[in-house]
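Read off the chains here:
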Amino acid sequence: TALPISLSSKRGMSRFSPYVLNGGTIVGVSGDDFALIASDTRLSEGFRIHSRTVPKLYTLTDSTVLGCCGFQGDCLTLNKHLASRLQTYKYAHRKSMSSSAIAQMLSTVLYYKRFFPYYTYNVIAGLDSEGKGAIYSFDPVGSYEREVFRAGGTAANLLQPLLDNQIGFKNQTGVEPEALTKEKAVALIKDVFTAAAERDIYTGDGLVIKIVTGNGVEEETFPLRRD
Amino acid sequence: AFGNFDSSIMFMGRSEYDRDVNVYSPEGRIYQVEYAIEAIKLGSTAIGIQTKEGVVLAVEKRMTSLLMESIGLEKIVEIDSHIGCALSGLIADSKAMIDKARVEAQNHWFTYNETMPVESVAQAIGNLAMQFGEKGAKGSMSRPFGVALLFAGIDENGPQLFHVDPSGTFTQYSAKAIGSGSEGAQSTLEEGYDQNTSLEDACKAALNILKQVMEEKLTSGNIEMATLEPEKKYHFWSKDELEDLIKKL
């Protein structure tokens, strides 16, 4: 992923860049009665590893989890901002924000900084008003749509075609599409992140999966390659 | 600044504390706000009744001249497709409040992609009603609003009715009457209200009460009515629909 502000300039001295790429990958998948979101736990900068134990998942309510990767400074600040907005909403309207409301609000928060964006790739996992799984994916300035599955972050280009094939049953012949169960989704996520860790230097160390169901948010962890 | 001290009239403990809008009396009252509430008792009667099937709002139009074009007299307005509002008092004051309610509802939809809860709309208007005086918000009124509103709407908590007055207080009611006929109307509502009434019976009850308190004879031309139902949302009744209902009274 190219950094939005150029490093080179005339005199050979690089201009100060307000952005830095800290790497990481997130994947969101929805089913009939669940939604899950997974991220790796590596935080990098260039060829350095800052930490092997930083998940990129933030639980916003007991029915919504946000995955956020890109520039860690903006990810953290954005999440503080969202947590504050969630609280304010709760005090004003005496209820928690629904997943669809959080998605719309995130879009407006991101677009507010249209001319100095949050360098974050966001994916929300939650449940819709009927209790079905919902995934919302965003660009850095707030464009969003609801999808069945989405990969974001440094290994997104490696993973999205793989998900299209395995969950969307694209480019396959003679196969009957089946509904995705929670167990199959978790197994698929483990395989998919293992594949990403092989080829993307920014992805690895560990995997965290958060699963949203009618009973709340469950969590699973899994080790990944550390090289 | 003190007003004229009038000791010969014993009316609501009137004293030199009733002129300024930012002065408490020794008993702890702000007279200007109370007088604003009195102003509403001069306004045309408005009634709201909430049932499990929906909410009804009915107002008397009080046309002071046969030459008046009734369409201009908007005393029941739509705030959003799921919220309506009836007003009584100084109608001009209500324009700013209605606009604020509409803008708040749209901002909520824009930001959260969902309908704004009815109580939150009432809260927003209650907050606006408090912004008066020299040190009020920029561009705010120099005096309290002289209008009371009945917000009727449907949200995930079902049909609800809220009353907002010039003090900024908002209260939820099952049935409420405001304006000149409110005293008689409110006691009739208290006697007759049953939470299992159908919306149609509530509409008839509202019209019957208006009939009692209105000076002129009730016709489809001198009243306004609107209902809010979960599926049908805000519906402003046409003259024909009112005619049909009046026949059933």
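First things first, this report covers the structure right here in the doc.

So, how was this worked out
Residues numbered from 1 in each chain as written. Chains lettered and ligands numbered in written order. Predicted model: local features only at pLDDT ≥ 70, side-chain atom pairs only at ≥ 80, totals over all residues. Heavy atoms only, no water. Helix = DSSP H or I, 4+ residues; strand = E, 2+ residues; numbered from the N terminus. Rg over C-alpha atoms; globule rule 2.2 N^0.38 Å. Buried < 20%, exposed > 50% of the residue type's maximum accessible area, 1.4 Å probe, protein only. Areas by Shrake-Rupley, 256 points an atom, 1.4 Å probe, with all protein chains shown as cover. Lys, Arg positive; Asp, Glu negative; His and termini not counted. Charge placed at Lys NZ, Arg CZ, Asp CG, Glu CD. Pairing = 2+ DSSP bridges. Axes fitted to C-alpha atoms, helices over the stretch in contact; angles between N-to-C directions. Contact = heavy atoms within 4.5 Å.

Another aspect to go through is the overall build of chain A. The helix and strand tally for chain A stands at four helices and twelve strands. Taking 17 Å as the expected radius of gyration for a compact globule of 227 residues, we find that chain A reaches 18 Å, a close match to that expectation. Counting only C-alpha atoms and orienting by the principal axes, one finds that chain A spans roughly 60 × 50 × 30 Å. Out of the 227 residues in chain A, the part that is buried amounts to 51%. Of the accessible surface of chain A, which amounts to about 11,600 Å², a share of 52% is contributed by carbon and sulfur atoms. With 25 positive and 23 negative side-chain charges, chain A shows a separation of 11 Å between the mean positions of the two kinds.

Before going further, it helps to examine the sheet that holds strand β10 (residues 233-236) of chain B. All names here are of chain B. Strand order in the open sheet made by the five strands is β8-β1-β2-β9-β10, with antiparallel pairing throughout. Every other strand in the sheet has two partners, leaving β8 (175-178) and β10 as the edge strands with one partner each. The average angle at which neighbouring strand axes cross in this sheet is 10°, direction not considered. Bridge count between strand β1 (residues 46-50) and strand β2 (residues 55-60): five bridges; the pairing is antiparallel. By the bridge assignment, Ile49 is partnered in β2 with Val56. Against the sheet, helix α5 (residues 199-213) makes contact with β1, β2 and β9 (223-229), and its axis sits at roughly 20° relative to β2, the strand it touches most. Of the strands in this sheet, β9 and β10 touch helix α6 (residues 239-247), which is tilted by about 95° from β9.

Turning our eyes to something else, we now look at the environment of B:Ile83. Mapped onto the fold, B:Ile83 is located in strand β4 (residues 83-89). Leave out the neighbours within four places in its chain, and B:Ile83 touches B:Glu78, B:Met116, B:Val118, B:Val121, B:Phe151, B:Ala152, B:Gly153, B:Leu228 and B:Tyr234.

Turning our eyes to something else, we now look at the sheet that holds strand β12 (residues 216-223) of chain A. Residue and element names in this part refer to chain A. Taking strand neighbours across the sheet as the criterion, the five strands line up as β10-β1-β2-β11-β12 in an open arrangement whose pairing is antiparallel. Each of the sheet's edge strands pairs with one partner strand only, and the pair in question is β10 (149-153) and β12. If you compare each strand with its neighbour and ignore which way they point, the axes differ by 15° on average. Here strand β1 (residues 25-30) runs beside β10; their pairing, made up of five bridges, is antiparallel. Directly across from Val29, in β10, lies its bridge partner Phe149. Taken strand by strand, helix α3 (residues 156-166) contacts β1 and β10, and its axis lies near 170° from that of β10. In this fold helix α4 (residues 182-199) packs onto β1, β2 (35-40), β11 (206-213) and β12, with an angle of close to 155° to the strand it touches most, β11.

What is shown is where atoms sit, not what they do.
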